[in-house]
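Okay, here's what each chain looks like letter by letter:
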Amino acid sequence: MEEPVTAEQLRARGNALFQAGDPGAALAAYTEALGLSDAPSERAVLHRNRAACYLKLEDYTKAEADATKAIEADGRDVKALFRRSQALQQLGRLDQAVSDLQRCVSLEPRNKAFQEALRALGSSMHEKMKAMSCTDSKVEQMFQILLDLDEKDADKKQKAAQNLIVLAREEAGAEKIFQSDGVRLLMQLLDTAKADLMLAALRTLVGLCSGHRSRTAAILAELGAPRLAAMLGVEHEQVSLAACNLLHVMFDSLKEGLQKDFRGKEDAVVLDSSKDLKLLIKHLLELLVLEGASAHGRDNALNLLIKVVPRKSPKETNNSLSLWVIDQGLKKILEVGSTVCGSSGSLPVTENTRMSTSVLLSKLYEDLKCDAERENFHHLCEDYVRSWFEGHELPGKLRAIQTVSCLLQGPSDAGNRVLELEGIMESVLSLCASVSEAHQLVAVEALIHAADKAKRASFITANGVNLLKEIYKHSERDSIRIRALVGLCKLGSAGGTDFSMKQFAEGSTMKLAKQCRKWLCNEAIDAGTRRWAVEGLAYLTFDADVKEEFVEDKAAMQAMFQLAKSEDRSVLYAVASTLVNCTNSYDHEEPDPQMLELAKYAKQHIPEQHPKDKPEFVKRRVRKLLTAGVVSALACMVKSENPALTNSCRELISRVFLALVEEAEDRGGVVAQGGGKALIPLSLEGTEVGQTKAAQALAKITITSNPEMAFPGERIYEVVRPLVSLLHLQRTGLENFEGLMALTNLAGISERLRQKILKERAVPMIEGYMFEEHELIRLAATECMCNMAMSKEVQEMFLAEGSDRLKLMVLYSGEEDEKLRRAASGTLAMLTALHPPICQRIPQVTVHWLEILQALLLSPSAELQHRGAVVVMNMMAAAREVAEQLIASEMLEILSVLAKDKEKPRVAQAAQESLAHAVSYGLIKPNPGHA
């Protein structure tokens, strides 16, 4: 039995690895040694050595921390002092670096390296001081140019503004502007009311606030929340957006505190961030109902509230901010949602405002944790709807119905609750017949949203279908007819993809779809109305006949794609739903044959698939969508930062992408049109299902394409995390398999990618799948490990105490499955070549090692023979005692035969080198017949 490794041995191994130019592996050895060492002096040396590794790896913060631990143990440790000075210099703390170097020189006055380093650092500090004084004058000069009302040179002003923004992005520059009375001067720029100067000031303030809590609090105190909110509500769209960006940065800084290491600069400042946050949110809520605020400013305020109020993750336990907003501002949010466009005194809104309001309401409702909190939300909504519905005549009823629509599109539970209030549904049905177009629009839209739920759908089918048909047939207004049609589409699609459950007479669905496509292609109709045609198709395309006709109509497809790229983002969900239906990328389980028989016996309803939803039809539809330009439309949809791109919408887009890359020959085209780039954010954010579908699509692309071309530059490193997520145990076998195959491709490209895979903790999962019963998954995991074994850290893992990794690889090299043997023996060939200590371990892991190697050399497969011969050759070269064990067996005879095999030159060469090693050890005599 092998003796356990000691801290001293690990330190020696770390020293050897460091000398060999592998700081990563050396760091791992020193860290392991620290776990075994208790002696303070030995631990100090290990910390000092780790500092050297971190310097090489350019992790200067950790280098400083380790060097400090060594100095704490021995204040006269010049190596640790010198290494800390190097780290401090890289971290920009030159004064502390000088102090350490001066200590080094005082301890070793004759050391020329220390003297030279101190001289160079002194020169560097002098330059920095010079630059700082230069920066001071530059900041002053830039503000003078910008605030000089007589300065007519526009280019000069623009350059000064740009320089100020760039300077604020660097921490030193931001601090210099802040300390040079910059906030007051920036306020003067804002007060000019000139758009270009206001933009420069707002963008500079973004740099000052980014990741710096105390500076943000000071700027908020000086500027004041009312002024910031007012800038959000200005008519100039770019200024409003810049104010929105500034407020977002301020929220992040106040919520999360410091993002960077400022070395205690702010420790003395005690901040109550929640007070500042609530102050800003209070003014945003007031802006929502401010009549003078611009429509896009109102949208920006809604978007900000969506981003900053609800919890980012259910793991965060504190939802007090959402509760505070519901208590203080739910009425104001509903005020925006209840706005009836065109009515007297209505708030200015855009085509996206209602959707943003619904999303905000939905996010707030989802952030509630218990029934009591939800009940309070319901009561507030019911009270608001009643306040308009009762005693305000017709305008009040319209506001109430509009609120119901807004809630049904957001937190539908709340929408259904207010729909149950006495008189609401009756008013909706009666207003559908109104002579006023505006009133009819409000009522028909409410009816459409109410039809979403089965409970309501049955009521509306009984009471509203005839009314909708009448409106559709007899209304003279396209805006009304198209909405009535969508209501009919919704009700007609109640059976979903079930071919046997159709609400309307044969052919009706096709007629409705044809009319939808006609309206969609009619550019004379405004985009807001044409959006409803897509809403109709989102329901009608459950029917396979409708899907087939839609993909044959290239003009309709392209018109839909153009709408998807337009400013009206509320169309995104309908477009994504239509595409999911056309590509059949929704979840559908194959029914259990036994359950089907039971259902027939019990005379229960049995869902049926449409003949045109069979795989060959779906494949043809996908090709037609690709030809029409679906990928560029999807890529454009993903770029949207609008609240309409909800997590459920992202999931639908991910489903479509996965369907588009199903066939290997289509993947290159998807990547070329921006699909690969669009999939990365989809795989990192959204619902778990959506992220998994996007990750699987990325895996399919990575398996069959050249990853470096599919994901150029830094993008290839972003693909690793989604692929690793496919290895989690809750994923399907196919997802595991494709994730492993894709990671195998990436691991074979570069050490940096292998390091990224290691960092994502993928290796234990890859190992786990090497024990998988399914032979293809087991093979994929072994092949992946083969490529990962090129990394020194992975090689070290095969030597770890108590690990069966090496044993498994040797045993797999003797399995019956030839592909598995090939992968495992390839891994052994690589490990034995790159990490010679493994050669000495192989005879210790299993008694069958010799017969497994012999079987490889005697295999009819030239590839297996070659891999076996390379393993033997590496083992012979590694140590005399291993060579002795090999030569004492039948291996000598096998090698002698293979060395003469002219048909397999690579195998013969490896065998000849093995025999040459045996000769050099004096184990056998040289054969005169061999050169």
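Residues numbered from 1 in each chain as written. Predicted model: local features only at pLDDT ≥ 70, side-chain atom pairs only at ≥ 80, totals over all residues. Heavy atoms only, no water.

With that out of the way, let us pick up the overall build of the protein. Secondary structure assignment for the protein yields 54 helices and 0 strands. Of all 931 residues assigned to the protein, the portion counted as buried reaches 53%. Long-range pairs, those at least 24 residues apart, make up 69% of the contacts in the protein between residues at least 6 apart in sequence. In the form shown here, the protein has an accessible surface area of approximately 43400 Å², with 51% of it arising from carbon and sulfur atoms. (Helix = DSSP H or I, 4+ residues; strand = E, 2+ residues; numbered from the N terminus. Buried < 20%, exposed > 50% of the residue type's maximum accessible area, 1.4 Å probe, protein only. Contact = heavy atoms within 4.5 Å. Areas by Shrake-Rupley, 256 points an atom, 1.4 Å probe, with all protein chains shown as cover.)

We now examine helix α6 (residues 94-107). End to end, α6 covers 20 Å across 14 residues, agreeing with the expected 20 Å (1.5 Å per residue, within 8%). Within the sequence span of α6, burial applies to L94, A97, V98, D100, L101, C104, V105 and L107. (Expected span 1.5 Å × (residues − 1).)

The next subject is a negative patch on the surface. There is a patch of like negative charges on the surface, built from E235, E237, E351 and E567. For E567, the position within the fold is in the loop between α30 (554-564) and α31 (572-583). (Patch = residues over 30% accessible without salt bridge, like charges linked within 9 Å, V, L, I, M, F, W, Y side chains within 5 Å. Salt bridge = Lys/Arg side-chain N within 4 Å of Asp/Glu carboxyl O. Lys, Arg positive; Asp, Glu negative; His and termini not counted. Charge placed at Lys NZ, Arg CZ, Asp CG, Glu CD.)

This part is about the environment of R530. Mapping R530 onto the fold places it in helix α28 (residues 527-540). Among residues more than four places away in sequence, those in contact with R530 are I482, W519, L520, N522, E523, I525, A559 and L563.

Our focus in this paragraph is the packing of helix α45 (residues 775-788) against helix α48 (residues 818-834). Interaxial distance between α45 and α48 falls to 9 Å at its minimum, and their mutual angle equals 15°. Classified by the angle between their axes, α45 and α48 sit roughly parallel to one another. In this structure, α45 crosses over α48, and the sense of that crossing is left-handed. Facing α45, whose interface residues are R778, L779, T782, E783, M785 and C786, α48 presents K819, L820, A823, A824, G826, T827 and M830. Of the residues belonging to the contact of α45 with α48, the class tally is 7 nonpolar, 3 polar and 3 charged. (Axes fitted to C-alpha atoms, helices over the stretch in contact; angles between N-to-C directions. Parallel < 35°, antiparallel > 145°, perpendicular 65-115°, else oblique. Left-handed = near helix turned anticlockwise from the far one by under 90°. Nonpolar A, V, L, I, M, F, W, Y, C, P; charged D, E, K, R; others polar.)

What follows concerns the nonpolar core. Counting residues in each nonpolar core, the largest one holds 268 residues, and the members touching the most others are F377, I653, F657, L660 and L886. Leave out the neighbours within four places in its chain, and F377 touches I326, L330, L361, L364, Y365, L368, P411 and A414. Formed by 16 residues, the second largest nonpolar core is a distinct cluster that contains A25, A33, L46 and C53. (Core = buried A, V, L, I, M, F, W, Y, C linked by side-chain atoms within 4.5 Å.)

What follows covers the packing of α48 against helix α49 (residues 837-845). At their nearest, the axes of α48 and α49 sit 6 Å apart, and the two run at 130° to each other. Taken together, the axes of α48 and α49 lie oblique to each other. Here L828, L831 and T832 of α48 come into contact with α49, specifically with I838, C839 and I842.

With that settled, the discussion passes to the UniProt feature "repeat: TPR" (unreviewed entry) in the protein. Annotation from UniProt places "repeat: TPR" (unreviewed entry) at residues 78-111. The annotated region residues 78-111 carries 79% helix and 0% strand content, and the separation between its end C-alpha atoms amounts to 11 Å. (UniProt positions renumbered as here; feature names shortened; annotations may be inferred.)

Let us now look at the pattern of salt bridges. Enumeration according to the criterion identifies 40 salt bridges in this entry. With its nearest N and O atoms 3.4 Å apart, the salt bridge here joins D383 to R386. Pair noted here: D383 and R386 are both in helix α19 (residues 371-389), with a separation of 3 residues, about one helical turn. By relative accessible area, which is 45% here, D383 ends up partly exposed.

The next subject is the packing of aromatic side chains. Across all of its chains, the model carries 2 aromatic pairs by this definition. Between F82 and F114 the ring centres are 5.3 Å apart and the planes differ by 40°, which places this aromatic pair in the tilted class. Of this pair, F82 sits in helix α5 (residues 78-90) while F114 sits in helix α7 (residues 112-147), and the two are 32 residues apart along the sequence. One residue, R620, lies across the ring of F617, its end atom 4.9 Å from the ring centre. Against the face of Y717 rests R752, its NZ or CZ located 3.9 Å from the ring centre. (Phe/Tyr/Trp six-rings, centres within 6.5 Å; stacked < 30°, edge-to-face > 60°. Lys NZ or Arg CZ within 6 Å of the ring centre and 35° of its normal.)

What follows concerns the side chain of N319. With respect to the helices, strands and loops of the structure, N319 is situated in the loop between α16 (295-308) and α17 (320-337). With a relative accessible area of 4%, N319 lands in the buried category. At 3.2 Å, the side chain of N319 and the side chain of E373 are in polar contact. In contact with N319, not counting residues within four places along its chain, are R311, D367, L368, K369 and E373. (Polar contact = N/O pair within 3.5 Å; in protein donor to acceptor, adjacent residues only side chain to side chain.)

Residue placement: D66 occurs in helix α4 (residues 60-73). In the structure, D66 is positioned 14 residues away from A80 in sequence and 8.6 Å away in space, judged by C-alpha atoms. Contact partners of D66, with chain neighbours within four places excluded, come to H47, R50, A51 and Y54.

What follows is about the layout of surface pockets. With a probe scaled to a water molecule rolled over the atoms, the places where space remains empty come into view. By volume, the largest pocket is sized at about 1300 Å³. Lining of the largest pocket is provided by 37 residues; of these, G24, A25, A28, A29 and E793 occupy positions nearest its centre. Elements supplying a minimum of two residues to the lining of the largest pocket: α1 (7-19), α2 (23-36), α43 (751-759), α46 (792-797) and α49. Element by element, the count of residues in the lining of the largest pocket is highest for α2, at 7 residues. (1 Å grid on protein atoms, 1.4 Å probe; cavity = no way out; pocket = protein on both sides within 12 Å on 5 of 7 lines; lining within 4 Å. Points joined across faces, edges and corners; volume = space filled by probe spheres on them.)

Attention shifts here to helix α20 (residues 393-409). With 17 residues, α20 extends 25 Å between its outermost C-alpha atoms, agreeing within 8% with the 24 Å of an ideal straight helix rising 1.5 Å per residue. Counting buried positions along α20 gives 12 out of 17 residues, so the element sits mostly inside the fold. Among all positions of α20, only G396, L398, R399, A400, I401, Q402, T403, V404, S405, C406, L407 and L408 are buried. Those residues of α20 that are buried are in contact with α17, α18 (353-366), α19, α21 (412-419), α22 (424-431) and α23 (437-450).

With that out of the way, let us pick up unusual backbone geometry. Residues other than glycine seldom take positive phi values, yet E58 does so here, at roughly 65°. Within the secondary structure, E58 sits in the loop between α3 (40-56) and α4. Overall, the relative accessible area of 58% leaves E58 in the exposed class.

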